[in-house]
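# Chain and residue survey
Residue-level listing of the chains:
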Amino acid sequence: MLRRLLLRQARRRHCSSSFSSALPLSSPTFAVFGANTGVGKTLVSAGLAASLLRSHAASPSAVLYLKPLQTGFPADSDAGFLYRRVPALVRPSHAAHLVASIDTLSPAPSVETPSPSREEAAFSYDGEGKAARKLLACRTLYAWREAVSPHLAAEREGMTVEDAHVRSLLAACLAEGENLGKGEGDVWKLVETAGGVASPGPSGTLQCDLYRHFRLPTILVGDGCLGGISGTLSAYETLLLRGYDVSAVILEDCGLSNDKFLLSYLRNSFWFA
Ligand SMILES: C[C@H](N)[C@H](N)CCCCCC(=O)O
(Lines give C-alpha, C1' and ligand atoms only; values in the text may rest on other atoms or scores of the structure.)
Protein backbone atom coordinates (compact mmCIF):
# COMPACT_ATOMS: atom_id res chain seq x y z
CA MET A 1 0.00 0.00 0.00
CA LEU A 2 2.74 2.43 1.06
CA ARG A 3 4.79 1.30 -1.90
CA ARG A 4 1.90 2.02 -4.30
CA LEU A 5 1.40 5.45 -2.76
CA LEU A 6 5.09 6.27 -2.99
CA LEU A 7 5.27 5.08 -6.58
CA ARG A 8 2.42 7.38 -7.55
CA GLN A 9 4.12 10.29 -5.85
CA ALA A 10 7.45 9.53 -7.51
CA ARG A 11 5.86 9.62 -10.93
CA ARG A 12 4.16 12.93 -10.16
CA ARG A 13 7.49 14.56 -9.39
CA HIS A 14 8.03 17.81 -11.25
CA CYS A 15 11.34 18.23 -13.02
CA SER A 16 12.37 21.74 -12.11
CA SER A 17 16.12 21.61 -11.80
CA SER A 18 19.07 20.16 -13.63
CA PHE A 19 19.46 17.57 -10.88
CA SER A 20 15.85 16.43 -10.83
CA SER A 21 15.51 16.27 -14.59
CA ALA A 22 18.56 14.00 -14.69
CA LEU A 23 16.81 11.46 -12.47
CA PRO A 24 14.88 8.90 -14.48
CA LEU A 25 11.24 8.52 -13.50
CA SER A 26 11.51 4.75 -13.80
CA SER A 27 13.57 4.73 -10.59
CA PRO A 28 11.44 5.84 -7.67
CA THR A 29 13.73 7.99 -5.54
CA PHE A 30 12.82 9.38 -2.12
CA ALA A 31 14.47 11.63 0.41
CA VAL A 32 13.96 10.50 4.00
CA PHE A 33 13.84 13.50 6.31
CA GLY A 34 13.23 13.48 10.07
CA ALA A 35 11.44 15.75 12.49
CA ASN A 36 14.59 15.44 14.60
CA THR A 37 17.56 13.18 15.14
CA GLY A 38 16.73 9.79 16.66
CA VAL A 39 13.14 9.61 15.44
CA GLY A 40 13.70 6.45 13.38
CA LYS A 41 14.65 7.53 9.84
CA THR A 42 17.01 4.58 9.53
CA LEU A 43 14.42 2.11 10.82
CA VAL A 44 11.89 3.41 8.31
CA SER A 45 14.48 3.23 5.51
CA ALA A 46 15.35 -0.34 6.51
CA GLY A 47 11.69 -1.35 6.65
CA LEU A 48 11.01 0.16 3.28
CA ALA A 49 14.09 -1.44 1.71
CA ALA A 50 13.18 -4.83 3.16
CA SER A 51 9.58 -4.68 2.01
CA LEU A 52 10.70 -3.77 -1.51
CA LEU A 53 13.23 -6.59 -1.61
CA ARG A 54 10.77 -9.13 -0.21
CA SER A 55 8.72 -8.88 -3.35
CA HIS A 56 9.10 -12.15 -5.20
CA ALA A 57 8.46 -10.45 -8.50
CA ALA A 58 11.53 -9.58 -10.52
CA SER A 59 10.84 -5.90 -9.96
CA PRO A 60 12.02 -4.00 -8.00
CA SER A 61 15.34 -5.71 -8.51
CA ALA A 62 17.49 -3.38 -6.44
CA VAL A 63 17.43 -0.85 -3.64
CA LEU A 64 20.11 1.81 -3.41
CA TYR A 65 20.39 3.39 0.01
CA LEU A 66 22.46 6.56 0.21
CA LYS A 67 23.53 8.38 3.36
CA PRO A 68 25.15 11.57 2.10
CA LEU A 69 26.32 12.87 5.51
CA GLN A 70 27.17 10.60 8.42
CA THR A 71 28.64 11.79 11.71
CA GLY A 72 29.73 9.59 14.61
CA PHE A 73 31.24 7.21 12.07
CA PRO A 74 31.96 4.31 12.11
CA ALA A 75 30.18 3.62 15.43
CA ASP A 76 27.13 5.33 13.93
CA SER A 77 26.65 3.99 10.45
CA ASP A 78 23.14 4.08 9.09
CA ALA A 79 24.32 2.37 5.92
CA GLY A 80 25.82 -0.32 8.17
CA PHE A 81 22.48 -0.75 9.92
CA LEU A 82 20.70 -1.42 6.64
CA TYR A 83 23.50 -3.68 5.40
CA ARG A 84 23.30 -5.82 8.56
CA ARG A 85 19.55 -5.76 9.24
CA VAL A 86 17.76 -5.76 5.91
CA PRO A 87 18.88 -9.28 4.85
CA ALA A 88 17.41 -10.65 8.10
CA LEU A 89 14.11 -8.89 7.40
CA VAL A 90 13.97 -10.35 3.91
CA ARG A 91 14.63 -13.88 5.18
CA PRO A 92 11.14 -15.08 6.08
CA SER A 93 9.73 -14.11 2.74
CA HIS A 94 9.72 -15.70 -0.65
CA ALA A 95 12.42 -17.29 -2.73
CA ALA A 96 15.16 -14.81 -3.38
CA HIS A 97 18.84 -14.42 -3.79
CA LEU A 98 20.07 -11.18 -2.27
CA VAL A 99 23.45 -9.57 -2.67
CA ALA A 100 24.09 -6.75 -0.20
CA SER A 101 27.00 -4.34 -0.34
CA ILE A 102 28.31 -1.46 1.71
CA ASP A 103 30.91 1.21 1.06
CA THR A 104 32.03 4.65 2.17
CA LEU A 105 33.24 7.13 -0.40
CA SER A 106 34.78 10.02 1.48
CA PRO A 107 35.63 9.58 5.15
CA ALA A 108 37.34 12.45 7.02
CA PRO A 109 41.03 11.82 7.78
CA SER A 110 40.11 11.51 11.48
CA VAL A 111 37.86 8.52 10.79
CA GLU A 112 39.12 5.03 11.47
CA THR A 113 37.91 3.46 8.29
CA PRO A 114 36.65 -0.07 8.49
CA SER A 115 38.76 -2.46 6.54
CA PRO A 116 38.01 -3.45 3.81
CA SER A 117 36.26 -0.23 2.80
CA ARG A 118 33.78 -2.18 0.67
CA GLU A 119 32.02 -5.35 1.78
CA GLU A 120 29.62 -7.63 0.03
CA ALA A 121 27.54 -10.54 1.29
CA ALA A 122 25.26 -12.94 -0.56
CA PHE A 123 22.14 -14.55 0.89
CA SER A 124 19.95 -17.28 -0.50
CA TYR A 125 16.52 -17.87 0.94
CA ASP A 126 14.60 -21.07 0.67
CA GLY A 127 11.28 -20.75 -0.93
CA GLU A 128 9.07 -22.00 -3.61
CA GLY A 129 9.31 -21.03 -7.19
CA LYS A 130 12.00 -19.35 -9.17
CA ALA A 131 14.36 -17.30 -7.04
CA ALA A 132 14.38 -13.65 -7.98
CA ARG A 133 17.77 -11.97 -7.74
CA LYS A 134 17.84 -8.78 -5.69
CA LEU A 135 20.49 -6.24 -4.80
CA LEU A 136 20.86 -3.92 -1.84
CA ALA A 137 23.61 -1.31 -2.11
CA CYS A 138 24.27 0.80 1.00
CA ARG A 139 26.58 3.75 0.56
CA THR A 140 27.84 6.53 2.81
CA LEU A 141 29.13 9.55 0.91
CA TYR A 142 30.88 11.74 3.53
CA ALA A 143 31.67 10.59 7.07
CA TRP A 144 33.08 12.29 10.17
CA ARG A 145 34.15 10.77 13.48
CA GLU A 146 32.42 12.96 16.05
CA ALA A 147 28.75 12.34 16.79
CA VAL A 148 27.75 15.98 16.35
CA SER A 149 26.11 18.12 13.70
CA PRO A 150 27.86 17.79 10.30
CA HIS A 151 28.87 21.49 10.27
CA LEU A 152 30.64 21.09 13.61
CA ALA A 153 32.27 17.77 12.75
CA ALA A 154 33.47 19.29 9.47
CA GLU A 155 35.02 22.24 11.26
CA ARG A 156 36.60 20.22 14.08
CA GLU A 157 37.93 17.47 11.84
CA GLY A 158 39.21 19.74 9.10
CA MET A 159 37.07 18.34 6.32
CA THR A 160 34.60 20.89 5.11
CA VAL A 161 32.70 20.09 1.94
CA GLU A 162 31.04 22.66 -0.26
CA ASP A 163 27.34 22.26 -1.03
CA ALA A 164 28.08 21.88 -4.73
CA HIS A 165 30.33 18.91 -4.00
CA VAL A 166 27.74 17.19 -1.81
CA ARG A 167 25.17 17.67 -4.53
CA SER A 168 27.33 16.53 -7.39
CA LEU A 169 28.52 13.41 -5.57
CA LEU A 170 24.93 12.60 -4.66
CA ALA A 171 23.81 13.17 -8.26
CA ALA A 172 26.62 10.91 -9.51
CA CYS A 173 25.67 8.13 -7.07
CA LEU A 174 22.00 8.36 -8.05
CA ALA A 175 22.91 8.19 -11.72
CA GLU A 176 25.29 5.28 -11.20
CA GLY A 177 22.58 3.47 -9.27
CA GLU A 178 20.65 3.11 -12.52
CA ASN A 179 22.97 0.25 -13.50
CA LEU A 180 22.26 -1.72 -10.33
CA GLY A 181 19.22 -3.57 -11.55
CA LYS A 182 20.93 -4.54 -14.82
CA GLY A 183 17.65 -3.81 -16.56
CA GLU A 184 15.89 -6.68 -14.78
CA GLY A 185 13.55 -4.48 -12.75
CA ASP A 186 13.13 -1.08 -11.15
CA VAL A 187 15.80 0.31 -8.87
CA TRP A 188 14.39 2.14 -5.85
CA LYS A 189 16.61 4.75 -4.24
CA LEU A 190 16.47 6.17 -0.73
CA VAL A 191 18.46 9.19 0.38
CA GLU A 192 18.53 9.43 4.16
CA THR A 193 19.37 12.87 5.50
CA ALA A 194 21.15 13.50 8.84
CA GLY A 195 19.35 14.73 11.96
CA GLY A 196 16.26 16.88 11.41
CA VAL A 197 15.03 18.74 8.32
CA ALA A 198 16.85 21.91 9.34
CA SER A 199 20.01 20.30 10.68
CA PRO A 200 23.01 21.87 8.97
CA GLY A 201 25.16 20.16 6.38
CA PRO A 202 28.96 20.52 6.46
CA SER A 203 28.95 24.08 5.07
CA GLY A 204 26.23 25.20 7.48
CA THR A 205 23.49 25.18 4.80
CA LEU A 206 20.34 23.61 6.21
CA GLN A 207 19.78 20.18 4.69
CA CYS A 208 16.27 21.10 3.57
CA ASP A 209 17.99 23.76 1.41
CA LEU A 210 21.00 21.63 0.49
CA TYR A 211 18.90 18.92 -1.15
CA ARG A 212 16.16 21.21 -2.47
CA HIS A 213 17.70 21.17 -5.96
CA PHE A 214 16.84 17.51 -6.43
CA ARG A 215 13.10 18.03 -5.82
CA LEU A 216 12.87 14.50 -4.45
CA PRO A 217 9.52 13.34 -3.15
CA THR A 218 9.95 13.03 0.56
CA ILE A 219 9.09 10.70 3.39
CA LEU A 220 8.99 12.59 6.67
CA VAL A 221 9.66 10.51 9.75
CA GLY A 222 7.77 12.32 12.47
CA ASP A 223 8.20 12.19 16.21
CA GLY A 224 5.75 10.10 18.22
CA CYS A 225 7.11 11.17 21.61
CA LEU A 226 6.28 14.07 23.89
CA GLY A 227 6.96 17.30 22.00
CA GLY A 228 6.73 15.40 18.76
CA ILE A 229 3.48 16.96 17.51
CA SER A 230 5.06 20.38 17.36
CA GLY A 231 8.34 19.03 16.00
CA THR A 232 6.59 17.04 13.28
CA LEU A 233 4.38 19.92 12.17
CA SER A 234 7.33 22.32 12.12
CA ALA A 235 9.34 19.87 10.04
CA TYR A 236 6.43 19.27 7.68
CA GLU A 237 5.81 22.96 7.08
CA THR A 238 9.54 23.62 6.66
CA LEU A 239 9.53 21.10 3.81
CA LEU A 240 6.31 22.36 2.23
CA LEU A 241 7.51 25.96 2.31
CA ARG A 242 10.51 24.90 0.25
CA GLY A 243 8.36 23.12 -2.29
CA TYR A 244 8.96 19.51 -1.30
CA ASP A 245 6.23 16.97 -2.02
CA VAL A 246 5.79 15.08 1.22
CA SER A 247 4.50 11.67 0.19
CA ALA A 248 4.13 10.18 3.64
CA VAL A 249 4.56 11.04 7.30
CA ILE A 250 5.52 8.00 9.36
CA LEU A 251 6.00 7.97 13.10
CA GLU A 252 6.73 5.60 15.92
CA ASP A 253 3.84 5.01 18.30
CA CYS A 254 5.05 6.13 21.72
CA GLY A 255 1.61 5.68 23.30
CA LEU A 256 0.58 9.33 22.97
CA SER A 257 -1.45 9.00 19.74
CA ASN A 258 0.50 11.81 18.09
CA ASP A 259 -0.49 10.27 14.76
CA LYS A 260 -4.21 10.78 15.46
CA PHE A 261 -3.77 14.45 16.32
CA LEU A 262 -1.50 15.04 13.34
CA LEU A 263 -3.85 13.30 10.92
CA SER A 264 -6.88 15.19 12.08
CA TYR A 265 -5.02 18.52 12.13
CA LEU A 266 -3.52 18.02 8.70
CA ARG A 267 -6.79 16.85 7.16
CA ASN A 268 -8.35 20.16 8.10
CA SER A 269 -5.37 22.33 7.35
CA PHE A 270 -4.71 24.73 4.56
CA TRP A 271 -1.73 22.62 3.41
CA PHE A 272 -3.83 19.54 2.76
CA ALA A 273 -6.65 21.32 0.94
C1 LIG B 1 25.40 11.82 15.62
C2 LIG B 1 24.34 11.34 14.70
N3 LIG B 1 24.90 10.88 13.49
C4 LIG B 1 23.20 12.33 14.50
N5 LIG B 1 22.20 11.73 13.65
C6 LIG B 1 23.60 13.69 13.97
C7 LIG B 1 22.49 14.67 14.19
C8 LIG B 1 22.85 16.11 13.95
C9 LIG B 1 21.81 17.08 14.44
C10 LIG B 1 22.22 18.50 14.39
C11 LIG B 1 21.17 19.44 14.94
O12 LIG B 1 20.11 19.62 14.33
O13 LIG B 1 21.37 20.00 16.00
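In the block above lies the structure referred to throughout.
A short tour of the structure in this document, coming up. (Residues numbered from 1 in each chain as written. Predicted model: local features only at pLDDT ≥ 70, side-chain atom pairs only at ≥ 80, totals over all residues. Heavy atoms only, no water.)

### Some thoughts on the nonpolar core
This is how it is decided: Residues belong to a common nonpolar core when they are buried Ala, Val, Leu, Ile, Met, Phe, Trp, Tyr or Cys residues joined through side-chain atoms within 4.5 Å. Only protein chains enter the area calculation, which uses a 1.4 Å probe; residues under 20% of their type maximum are buried, those over 50% are exposed, and those in between are partly exposed. Helix and strand definitions here come from DSSP, where helices need a minimum of 4 consecutive H or I residues and strands a minimum of 2 consecutive E residues; each element is numbered from the N-terminal end.
Ranked by internal contacts, the top residues of the largest apolar core, which has 41 residues, are Phe33 and Trp144. Looking at this core, the elements with two or more residues in it are β1 (29-34), β2 (62-70), β5 (132-143), α5 (150-156), α6 (163-176), α7 (207-210), α8 (228-241) and α9 (258-267). Top element by residues in this core is α8. It accounts for 5 residues. Within the second largest apolar cluster, 28 residues are counted, among which are Ala49, Leu98, Ala100 and Leu136.

### Examining the packing of helix α3 (residues 41-53) against helix α4 (residues 78-90)
Test applied: In this analysis, axes come from line fits to C-alpha atoms, helices being fitted only over the stretch in contact, and the angle between any two N-to-C directions falls in the range 0 to 180 degrees. Any angle between 65 and 115 degrees counts as roughly perpendicular, while under 35 counts as roughly parallel, over 145 as roughly antiparallel, and the rest as oblique. By definition, any crossing whose near helix is turned counterclockwise from its far helix by less than a right angle is left-handed, and any crossing with a clockwise turn is right-handed. By the convention used here, residues are in contact when the closest approach between their heavy atoms is within 4.5 Å. When residues are sorted by character, Ala, Val, Leu, Ile, Met, Phe, Trp, Tyr, Cys and Pro go into the nonpolar class, Asp, Glu, Lys and Arg into the charged class, and all the rest, Gly among them, into the polar class.
Here α3 crosses α4 at 40°, and the two axes come no closer than 9 Å. In terms of orientation, α3 and α4 fall into the oblique class. As α3 runs across α4, the sense of the crossing is right-handed. Side by side, α3 and α4 meet where Thr42, Leu43, Ser45, Ala46, Ala49, Ala50 and Leu53 of the first sit next to Asp78, Phe81, Leu82, Val86, Leu89 and Val90 of the second. When the residues that make up the contact of α3 with α4 are grouped by side-chain class, the tally is 10 nonpolar, 2 polar and 1 charged.

### Brief notes about the packing of aromatic side chains
Rule in force here: Two rings from Phe, Tyr or Trp (for Trp, the six-membered ring) form a pair when their centres sit within 6.5 Å of each other. Planes less than 30 degrees apart are called stacked, planes more than 60 degrees apart edge-to-face, and all others tilted.
As enumerated under the stated definition, the model contains 4 aromatic pairs in all. Considering the side-chain rings of Phe33 and Tyr244, the 5.4 Å spacing of their centres and the 80° angle between planes classify their relative orientation as edge-to-face. Taken together, the residues Phe33 in strand β1 and Tyr244 in the loop between α8 and β8 (246-250) connect sequence positions 211 residues apart. Note on accessibility: Phe33 and Tyr244 belong to one class, buried.

### Details of the layout of surface pockets
Gaps left between atoms are located by rolling a probe of water-molecule size over the structure's atoms. Applicable threshold: Only protein atoms enter the 1 Å grid, on which a cavity is a set of points fitting a 1.4 Å probe that cannot get out and a pocket is an open set with protein on both sides within 12 Å along at least 5 of 7 lines, lining residues being those with an atom within 4 Å of a point. Grid points are joined across faces, edges and corners, and a volume is the space filled by probe spheres set on the points.
In this structure, the largest pocket spans a volume of roughly 380 Å³. Taken together, 22 residues form the lining of the largest pocket, with Thr37, Gly38, Lys41, Asp78 and Gly195 sitting closest to its centre. Taken together, the elements giving at least two residues each to the lining of the largest pocket come down to α3 and β2. The element best represented in the lining of the largest pocket is β2, accounting for 3 residues. In terms of residue class, the lining of the largest pocket is built from 7 nonpolar, 10 polar and 5 charged.

### Here we look at the sheet that holds β2
Quick note on the threshold: What makes two strands pair is DSSP finding at least two bridges between them.
With mixed pairing, the 8 strands of this open sheet are ordered in space as β4-β3-β5-β2-β6-β1-β7-β8. What marks the edges here is a single partner per strand, and that holds for β4 (118-125) and β8. For this sheet, the mean angle separating the axes of adjacent strands, direction not counted, is 15°. Inspection of the sheet shows strand β3 (residues 96-107) paired to β4 by 8 bridges, in the antiparallel sense. Residue pairing in the sheet places Ile102 in a bridge with Glu119 of β4. Lying over the sheet, α3 contacts β1, β2, β3, β5, β6 (187-192), β7 (218-221) and β8, oriented at roughly 175° with respect to β6.

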